[in-house]
Amino acid sequence: MAEQALPLSDLLDSLTGLAQGSVDLWEASSGGRAELINVSENVTYLIHAPNGTKSVLRVHRAGYHSRRAIECELAWLDALREGEVIAVPRPLTAKSGARIEEAHASELEAPRFLVLFEYIEGAEPDAGGDLVPLFHTLGEMAAKCHVHTLAWDRPEPFERLTWDTDAVFGARPIWGDWREAPEVTAPISGVLERVEEKVIARLTAYGRGRDRFGLIHADMRLANILTAQDRPWLIDFDDCGFGWLMYDFAAAISFIEDDPRIPALKAAWLAGYQTQRPLSPADLAEIDTLIMLRRMALLAWIGSHIEAPEPQVLAPGFARTTAHLGQAWLESLP
């Protein structure tokens, strides 16, 4: 059976065996036990070492990133950590001296890239609590990252995904076609076709000037923030790549775009951001456009990952709410 046709349970069995069989590649995880903690683009395991320490093993999805792209992600992590820009986890070096290992399971067609990270003992934000102070901090963190990337002399060739309209709406969208997501009925599709057209038009006009389009985290949502050692840590740079800088706010409100707190969170994020870096009227005008770009990317992601637990939970009503958000956005435009 082709790997892409494997039921998720069978695929996870194979990947868990691969992860468990790979723990001895690193001194930090040697002899450890692999515990599944997350299934998304990649599969992530918490490794419990015999001495009581922990680390996090990321088993990469086949074909999502090349080895060079992963090297570029780790290079950015190094630069952010060494420059003390923000707190980020440290990739660990294997016994071989490499930071990216490769392993194969007999049931899988393609080998998988593996990266081991230090474990950050922290807590995720309470999504139901007062998020305004946190979003002020997230805005500051995003701006610090953007200021850093605008000045950083990146290693070349620098290879990462690009999160633009072609990545969401093009002939080969990264996360699939939103039209194939659950519950996309004809009326919903009609609204979202108009949203797609307007998003493309506005972002084309906005353009990709160096002050508005560059290297971003692209997934700075609550699930990727940990509070540890009295400060926030940003984790999971797997989707970092090139995009509009304000996309980092759109990503910060992933899956909660309809929350009534969003206007207050947006104001807090922008206030925090502008303590580090000013924004132009054009930047502010297109934030809601980027929210719709991200929301439609998430709709496509749910459809293309529907076997995983999180998309199954999110799917009911997601397309309908996306259409409601899209219609309200269209009506708000001048």
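Parameters and conventions
- Residues numbered from 1 in each chain as written.
- Predicted model: local features only at pLDDT ≥ 70, side-chain atom pairs only at ≥ 80, totals over all residues.
- Heavy atoms only, no water.
- Pairing = 2+ DSSP bridges.
- Helix = DSSP H or I, 4+ residues; strand = E, 2+ residues; numbered from the N terminus.
- Axes fitted to C-alpha atoms, helices over the stretch in contact; angles between N-to-C directions.
- Contact = heavy atoms within 4.5 Å.
- Parallel < 35°, antiparallel > 145°, perpendicular 65-115°, else oblique.
- Left-handed = near helix turned anticlockwise from the far one by under 90°.
- Nonpolar A, V, L, I, M, F, W, Y, C, P; charged D, E, K, R; others polar.

K.L.:
Could you give an account of the sheet that holds strand β3 (residues 54-59), naming the residues involved and the relevant values?
P.N.:
Pairing is antiparallel across the open sheet formed by five strands, whose spatial order is β1-β2-β3-β5-β4. Each edge of the open sheet is held by one strand with a lone partner, namely β1 (33-39) and β4 (101-103). Taking the axes of each pair of neighbouring strands and ignoring which way they run, one obtains an average angle of 30° across the sheet. With five bridges joining them, β3 and strand β5 (residues 112-118) adopt antiparallel strand pairing. Along β5, the bridge assignment pairs Arg58 with Val115. Against the sheet, helix α2 (residues 67-82) contacts β3, β4 and β5, and its axis sits at roughly 10° relative to β5.

K.L.:
Let's hear about the packing of helix α5 (residues 186-206) against helix α9 (residues 287-304): which residues, and what values?
P.N.:
Two elements in contact, α5 and α9, have axes separated by 10 Å at closest approach and are oriented at 130°. By the angle between their axes, α5 is oblique relative to α9. Seen from above, α5 lies across α9 with left-handed handedness. Two secondary-structure elements touch here, α5 through Leu192, Val195, Glu196, Val199, Arg202 and Leu203 and α9 through Thr289, Leu290, Met292, Leu293, Met296 and Leu299. Here the residues of the contact of α5 with α9 sort into nine nonpolar, one polar and two charged.

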